[in-house]
Amino acid sequence: MKRVRTNETISIGNSRKFSKKQGESDETHTFLPLDLIIEVLLKVPGRSLARFVIVSKQWLSIIRGKDFTKLYLTQSSTRPRLLFSVYRHLGPSKLFLQSFSQQDPSSGHHRLNVSMDPFHMYGFTPPVRGLICRQTDTKVMIGNPSTGQFLTLPRVKTNRRGLFSLFGYDPLNDVYKVLCMTVLRGHQNRGSRYVSEEHQVFTLGAKQKWRMLVCKYRHLPPPLTKGLCLNGILYYYAWIQNEGSLISFDLNSEDFNVIKLPHDIPCLVNYNGKIALTRQYSKFGPLDLWILEDARKQEWSKVSIVVPSWTDLVRNIFFMFRGTLSTGELIFAPVSKINPVYLISYDLKEDNAKQVEVGGGLVARQNLSLIVYLNHVESPMFLSK
């Protein structure tokens, strides 16, 4: 009697659906229900999922499926992490990424060594929904710190040697995009007669290519500008002639806009889901924040925050405000080398500030530089051209 193949669909959590074909040979997991496999895989760290794809065709299909990625990211967002970029200056250039539990940074760390051509630590953008981006010369690379995979995008077509790129996520279309523009290297300074040109965008996915955009605002981002992506909008500081401005780029409509700043401050942070400006370093006195309340009306508000026992906590070391956690706590990171490495966490509701030591063997030596990013989520996403 001829066996007929049928599709069995199992619904799991939030009506997310995964299917398998009956009759396929998968001897390893014949006795494991599909919903149980998925539940187990959702609890596996991203670095292990990258290895589990070779277990069977069924596991490969599940792990690389879009529905599983969405479900994994949803669960991962409930346990965000701190992501450290650690760069060694002296000797052979070396960079590694290390993430820690945001709830308890003293434990639960994951480390990824990055072996590539030497590059500077500031080459990474802040993580966006589990992925990061970096560029050098005319190369742009997307990376997944959870799986250790890095993908080089098609070469940017340009007549200039300098490149400036930003990375974001468009939630309306569920796609990642890279915004790229060319700059004249050595001329990125206030009042320069040179501005960014050849604005292009790349949508992450198979068989994609760089597309030219029209930007009617003549602006120039300073070197090392990072930008922030919030709610499908990329924000970054740039000069328009001699004046500092906030540029916004809508990842859905792909339109540029200019937002006037209340003060010419280049440091952008995420303050409870809103763009905010702040002084770069903080050692004494209150933390002043200018918060963008309404981008269309260009309305800003100002708050001044006094952290209790600040001088006792910082120990004469400069700290930088890095933003807020998903729980609302304010996080400050050291600018200079300290050992052991610790952050300062301030709970506004409880009016309680404390030092939070970072474990995992992370130490700040003289030849190392650290940058910390907040609210990083692990992702199982597989990057493909």
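Residues numbered from 1 in each chain as written. Predicted model: local features only at pLDDT ≥ 70, side-chain atom pairs only at ≥ 80, totals over all residues. Heavy atoms only, no water.

**Q** What is the right way to look at the sheet that holds strand β19 (residues 287–294) in this model?
**A** Two strands in a sheet stick together by hydrogen bonds in their backbones, pointing the same way (parallel) or opposite ways (antiparallel). A sheet is described by the order of its strands in space; here four strands give the open sequence β17-β18-β19-β20, paired in antiparallel fashion. Where the open sheet ends on each side, the last strands, each with one partner, are β17 (268–271) and β20 (299–305). Taking each pair of neighbouring strands and ignoring which way they run, the sheet shows an average axis angle of 35°. The sheet contact formed by β17 and strand β18 (residues 274–278) spans four bridges and is antiparallel. Note on β18: the bridge partner recorded for Val269 is Ala276. (Pairing = 2+ DSSP bridges. Helix = DSSP H or I, 4+ residues; strand = E, 2+ residues; numbered from the N terminus. Axes fitted to C-alpha atoms, helices over the stretch in contact; angles between N-to-C directions.)

**Q** Which parts of the structure should I look at to understand the sheet that holds strand β24 (residues 352–357)?
**A** Ordered by their spatial adjacency, four strands build an open sheet running β21-β22-β23-β24, and the pairing between neighbours is antiparallel. Here the strands that pair on one side only, and so sit at the sheet edges, are β21 (319–324) and β24. Strand after strand, the sheet turns through a mean of 25° between neighbouring axes, direction not considered. Bridge count for β21 against strand β22 (residues 330–334) is five bridges, and the pairing is antiparallel. When the bridges of β22 are listed, Thr324 appears paired with Leu330.

**Q** Which parts of the structure should I look at to understand the environment of Met141?
**A** Its location among the elements puts Met141 in strand β7 (residues 139–144). Residue classification places Met141 among the buried positions, given a relative accessible area of 16%. Considered as a pair, Met141 and Leu151 are ten residues apart in the sequence and their alpha carbons are 5.5 Å apart. (Buried < 20%, exposed > 50% of the residue type's maximum accessible area, 1.4 Å probe, protein only.)

**Q** Please explain unusual backbone geometry as it appears in this structure.
**A** A positive phi is found at Glu198, a non-glycine position, where the angle reads about 50°. The residue Glu198 is located in strand β11 (residues 197–203) in this model. Its identity as a non-glycine residue notwithstanding, Ser309 has a phi of 55°, on the positive side. Relative to the elements of secondary structure, Ser309 occurs in the loop between β20 and α5 (310–314).

**Q** What exactly am I supposed to notice about the environment of Lys297 here?
**A** Mapped onto the secondary structure, Lys297 falls in the loop between β19 and β20. For the pair Lys297 and Ile259, spaced 38 residues apart in sequence, the C-alpha separation works out to 9.2 Å.

**Q** Just checking my understanding: could you explain helix α1 (residues 34–41) for this structure?
**A** Residues spaced three or four apart along an α-helix point in a common direction, a consequence of the helix completing one turn every 3.6 residues. Turning to α1, its buried residues number three or more, namely Leu34, Ile37, Ile38 and Leu41. Down the axis of α1, the buried set is contained in an arc of 95°. They therefore lie on one face. (Arc of directions from axis to C-beta.)

**Q** Which parts of the structure should I look at to understand a nonpolar patch on the surface?
**A** A cluster of nonpolar side chains, namely Leu32, Leu36 and Val40, defines an oily patch on the protein surface of about 230 Å² accessible area. Using a relative accessible area of 36% as the deciding quantity, one classes Leu32 as partly exposed. (Patch = residues over 30% accessible without salt bridge, like charges linked within 9 Å, V, L, I, M, F, W, Y side chains within 5 Å. Areas by Shrake-Rupley, 256 points an atom, 1.4 Å probe, with all protein chains shown as cover. Salt bridge = Lys/Arg side-chain N within 4 Å of Asp/Glu carboxyl O.)

**Q** It is not clear to me how the packing of aromatic side chains should be interpreted in this structure. Could you clarify?
**A** Aromatic ring pairs are defined here through the distance separating the ring centres and the angle between the ring planes. Counted by the stated rule, this structure contains twelve aromatic pairs. Arranged with centres 5.5 Å apart and planes meeting at 85°, the rings of Phe84 and Phe100 form a pair that is edge-to-face. Of this pair, Phe84 sits in strand β3 (residues 81–88) while Phe100 sits in strand β4 (residues 94–101), placing them 16 residues apart in sequence. Between Tyr169 and Tyr176, the aromatic rings sit 5.1 Å apart at their centres with planes inclined by 55°, giving tilted as the arrangement. Tyr176 sits in the buried class, given a relative accessible area of 4%. Among the aromatic residues, those joined into a cluster by ring pairs are Trp310, Phe319, Phe321, Phe332 and Tyr342. A cation over a ring is seen here: Arg64 above Phe382, with NZ or CZ 3.6 Å from the ring centre. (Phe/Tyr/Trp six-rings, centres within 6.5 Å; stacked < 30°, edge-to-face > 60°. Lys NZ or Arg CZ within 6 Å of the ring centre and 35° of its normal.)

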